[in-house]
Amino acid sequence: VLKLVSNAEDPSPMQPCAGKVMEAIGQLCTSGSSKALDRVLPDVVDAIEEAGEFFAPALTSAFLPAMSAVANNAGLSDDTRTLGLEVLVSFAEHQPKIALSAGQYVAAVVEICVKFALVLTEEEQVWASGDEDSEQEPLFSFSREATDRICTPKPVREMSVLLFQDAVTKLLQTGSDWRAHVACLTILAQMVEYVDDDSVVLAMLERAVLPLIASPHCRVRHAAWIAMAQFAQDHGELLEAHVAKILELFDAGFVDSVPRVALVALDAFVHYGSTLDQDSLSPYLPPKMQFFVRAIQESQARETKERCIMAVSVCARQSDEAFLPYFEAVMAMLKQVLSTATRPEDRVLLGKTVECISVIAAAVGRQVFAPEAAAIVTALVAAIQSSASADDPVKEYALSAAERICITLKEDFKPFVPAFLPFILDKLSITPVQLESTAGVSDDMTLTLMVTGEGNNAASVKLYGLKTSEMEDMKNAAECLHTFVDQMSTGFAEYIGTTVQSLRKVFDFELDEQIRQLAFATWAKMCNIARSAGAMQDLSLLVTEFLNVVLVGLGKEDESLSARVSQAAGVASVIRQSGPGVLSIEQVGKVCGACIAVIGGSIRRVSQMPPGKDEDEDEEEQQEMMEWAVQEQTLEVLGAVMEHYPDEFVSGSLEAVRQTLVEFHQLASAGRRKAVHLKVLLAVDLVHYLGLRVLAHWPDLVPIIMDGVPSQDMDVRQAAAYGMIHVARRSEFAELAPKGFQALVGVVQETRGGKIKKTGMDRREWDSACDNALAALFELLVHHQASLQADEGWKIFVDALPLRVDEEEAVRVHKQVLHLMQSRHEKLLGPQNSNLVQLVRSFASCYTTERLDDEGRELVNKMMCQIPEQWFSQHASEFNDKQQKRIQKIVSKSS
């Protein structure tokens, strides 16, 4: 019956059987037949994945009781009980709304997860002598996975998290029961990612994790350090308030009497240390570095050396120039590891060592690292050449290290390119093999399969394969080559000819879209290098060859949607990087015509799809979402043409593109939310790149942008706010400036005023859109101050600083604000300099981030030095400890 359900196009006629199936499973459970259940339950999972609604009528009457009975039956094998919980969790994943509607369903699953988390059977000494790969408690192990999975689906997430919070509270109330403490910490580690309330996160940290790190029981300490690592990953910024206490706890964790615990303490430091900035970490570096160096030199345990080297990498990355005092001693030690890590089992240690060296290079900078570069590059090449197996981790580590060193040395990396380029190009030349069948393919040969062919001709469809390890080698090589080209600029010019042929081969097969995207982006960078080097003939050949291959693919009806997304992104990048004056009028027309046709065809396909689909569904293969991606990336091509060939675009393609705008409007009116975003993107590009050439069309274009600013769709808001930046600079916008001002102020106050409760990526999307709104508000205040409520606007703008997510806009806006401060801009500074505290606070907080470039930091230095010391004393209470330390450091450095 279950197999029939899995294979049926419409299983609803069989729904009356659901209860009987569950009753039969219940009977197998009662009889204690693990063997029979082990055969049947995987079929239940398959049926859930294919047609979970089949079980809905019997969910509470038979399904939940039967599966709960299996999971709770101590007479069954642990594997069988695990399958019982697997079934319950799978249903919640695939049918979360139905699971939520059955009130007791989620509660029953949570209760079983908690029960499994308490099944800790290993003796303490046996457990302590084992390692992370020797887990002998399958119920406990599966409870971790099940806890995470039941919290993942949005419909059941809130209820699951609340129920687990209650369970954690009860477990903490059991006194000194170590099993309860381990279960509590294990549950916390899995569900804290889904807790949105900061106060709840801090309460769990303070009541459970921090106190139990010092538990007398080794398993509790182990679980507490794992929880600490997870808290740092998911809510690192909240741990800032406890930095002194946490870093002190690490000192004890590193030397725990149980090596297994000490290792997870080191792991936790790697995660937690990565959340700290230079000011927070630097005061605690001396004892930490002393321990790490001694452990690397003296420990006989390879795992300890590896973790300590990872910890050194974190210290270097987060402390930047504060790492300089340790450079010589640490480099000498790491070079010693390079020379002694020669055994096959040392390959990970060797890889982490070269990674650490490259991270240190980035921290201390080009001038300090340059004398070591030749010896290190020689070691990297030797490490790659000594690779004896396809899955040797050293290859990936070494290429990543080469990337970082190239980023550090920039054009000074040029002498070392010949050492790496042959290896890189060799990996890019890997060719997929045609497969006649899957016969003879062994289990350890993981293959990636491709289908090629023209049209619907089945005879032309062929099957190709490539080992996953070879695919990873290609990806790593493509990433490394892209970094070389990007960072060295014209220093790479002499290697373009050597590179082109190997890179061109990657265009021909749909191996992996990420690899092709890297190849396209690298080609675009080489176009930019050719232009910078004045090699215009070479540039023309590069662009023409690319368009002849990739633009043709973009227009093929039988090309996959994912391939079209990559191709469109590649064409856009090549045109942008090549600059103006490369394409002929005919080529511009051909590019625009192809893009308009691609978008038009995609719009027609979308319009024929049934409406009402969940466009936020996170499935890569969802066709509608891929169609939107094709349209969005193809719009990028049109934007690139508008940027560099505005006159040619207006004369040849503007009217056709305006019709595309109408088609987007029609889709949006039909309820296709993504069409609103694309309509705004196109309107922004037309206004931004074509300027006064489309002034006559402003009555159609500008309202599209302005109406998008208050949208609750962050893609729409982001695009519209970005468009407002460019519109606001125009004197022609004066009449609409007050309306735009109100819209932008509303966005800023909504986002920065605490009116939204978002975390993680959701919060970043809101903040990113707000950054663009802030940048647009700044332009309005600068260019249209006379027609606005300027005092209120400047106060709102300053209170919302600094920009938080959009680094490119942040660098630009922050420098402009600093220049206005230098010129004593009265409105910016406020009455009696009332805005100065917030301005100083803002620039102190982002001083060491990518939201200021070197020029911006120099402006901050000058600004801080111009403020009288007496002012800082008077306002000291308005800065927190971290801000005061940062300000003191800036002033001291600049004096």
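Procedures and definitions
Residues numbered from 1 in each chain as written. Predicted model: local features only at pLDDT ≥ 70, side-chain atom pairs only at ≥ 80, totals over all residues. Heavy atoms only, no water. Helix = DSSP H or I, 4+ residues; strand = E, 2+ residues; numbered from the N terminus. Buried < 20%, exposed > 50% of the residue type's maximum accessible area, 1.4 Å probe, protein only. Contact = heavy atoms within 4.5 Å. Areas by Shrake-Rupley, 256 points an atom, 1.4 Å probe, with all protein chains shown as cover. Lys, Arg positive; Asp, Glu negative; His and termini not counted. Charge placed at Lys NZ, Arg CZ, Asp CG, Glu CD. Expected span 1.5 Å × (residues − 1). Phe/Tyr/Trp six-rings, centres within 6.5 Å; stacked < 30°, edge-to-face > 60°. Lys NZ or Arg CZ within 6 Å of the ring centre and 35° of its normal. Axes fitted to C-alpha atoms, helices over the stretch in contact; angles between N-to-C directions. Parallel < 35°, antiparallel > 145°, perpendicular 65-115°, else oblique. Left-handed = near helix turned anticlockwise from the far one by under 90°. Salt bridge = Lys/Arg side-chain N within 4 Å of Asp/Glu carboxyl O. Core = buried A, V, L, I, M, F, W, Y, C linked by side-chain atoms within 4.5 Å.

(A) Structural view of the overall build of the protein chain. The number of helices and strands found in the protein chain is 44 helices and 3 strands. If one aligns the C-alpha atoms of the protein chain with their principal axes, the spans along those axes are about 80 × 70 × 60 Å. In the protein chain, buried positions account for 53% of the 895 residues. Of the contacts made within the protein chain by residues no fewer than 6 positions apart, 71% connect residues no fewer than 24 positions apart. Summed over all atoms, the accessible surface of the protein chain reaches about 38900 Å², with 50% contributed by carbon and sulfur. For the protein chain, the centre of its 80 positive side-chain charges and the centre of its 124 negative side-chain charges are spaced 3 Å apart.

(B) View of helix α36 (residues 737-752). Its 16 residues give α36 an end-to-end C-alpha distance of 22 Å, which sits within 8% of 22 Å, the value for a rise of 1.5 Å per residue. Taken together, the buried positions of α36 are occupied by A737, G740, F741, L744, V745, V747, V748, E750, T751 and R752. Of the residues trailing α36, G754 is marked for its positive phi of about 80°.

(C) Here's a closer look at the packing of aromatic side chains. The tally for this structure, following the rule as stated, stands at 29 aromatic pairs. For the ring pair F254 and F291, a centre distance of 5.3 Å and an interplane angle of 15° mean the geometry is stacked. Within this pair, whereas F254 is found in helix α14 (residues 243-254), its partner F291 is found in helix α17 (residues 285-298), the two being separated by 37 residues in sequence. Ring geometry for F254 versus F292: centroids 5.4 Å apart, planes at 55°, classification tilted. Taken together, the residues span a long stretch of sequence, with F254 in helix α14 and F292 in helix α17 at a distance of 38 residues. As far as burial versus exposure is concerned, F254 and F292 are alike and both buried. An aromatic cluster of at least three residues, connected via ring pairs, comprises W225, F250, F254, F269, Y272, F291 and F292. The ring centre of F140 lies 5.8 Å from the NZ or CZ of R219, which sits over that ring.

(D) Layout of the packing of helix α29 (residues 585-607) against helix α32 (residues 654-669). The geometry of α29 relative to α32 is characterised by a closest axis approach of 11 Å and an angle of 15° between their N-to-C directions. Classed by the angle they form, the pair α29 and α32 counts as roughly parallel. Crossing geometry of α29 relative to α32 is assigned as left-handed. Of the residues in α32, those in contact with I596, I599, G600, I603, V606 and S607 of α29 are A656, V657, T660, E663, F664 and L667.

(E) Representation of helix α20 (residues 347-364) in the model. Over its 18 residues, α20 runs 26 Å from end to end, which matches the ideal 26 Å to within 8%, given 1.5 Å per residue. Across the 18 residues of α20, 16 count as buried, placing the element largely inside the fold. G365 sits one or two residues past α20 and shows a positive phi near 95°.

(F) Up close: the pattern of salt bridges. Under the definition given, this model contains 49 salt bridges. As a salt-bridge pair, D43 and K3 come within 3.3 Å of each other at their nearest N and O atoms. Linking D43 in helix α3 (residues 34-51) with K3 in helix α1 (residues 2-7), this pair joins segments that are 40 residues apart in sequence. Residue classification places K3 among the exposed residues on the basis of a relative accessible area of 54%. Among the salt bridges present, the one from R366 reaches E411, with a minimum N-O distance of 3.3 Å. Here E411 lies in the loop between α22 (393-409) and α23 (417-428) and R366 lies in helix α21 (residues 366-385), a separation of 45 residues in the sequence. Classification of E411 by relative accessible area gives partly exposed; the value is 43%. One continuous salt-bridge network, built from bridges that share partners, spans E240, D277, D279, K882, R886 and K889.

(G) Focus on the nonpolar core. Within the largest apolar cluster, 316 residues are counted, with the highest numbers of intra-cluster contacts made by F63 and F492. Once residues within four sequence positions are removed from consideration, F63 is found in contact with M22, V44, I48, F55, A58, V87, L88, F91 and Y105.

(H) Looking closely at unusual backbone geometry. Here the residue pair L801 and P802 is connected by a cis peptide bond, since its omega of 0° sits within 30 degrees of zero. With respect to the helices and strands, P802 occurs in the loop between α38 (790-800) and α39 (807-822). Backbone geometry places S489, a non-glycine residue, at a positive phi of 55°. With respect to the secondary-structure elements, S489 resides in the loop between α24 (468-488) and α25 (496-505). Take S489: its relative accessible area is 31%, and that puts it in the partly exposed class. In this structure, R824 is a non-glycine residue whose phi angle is positive, near 60°. The residue R824 is located in the loop between α39 and α40 (826-829) in this model.

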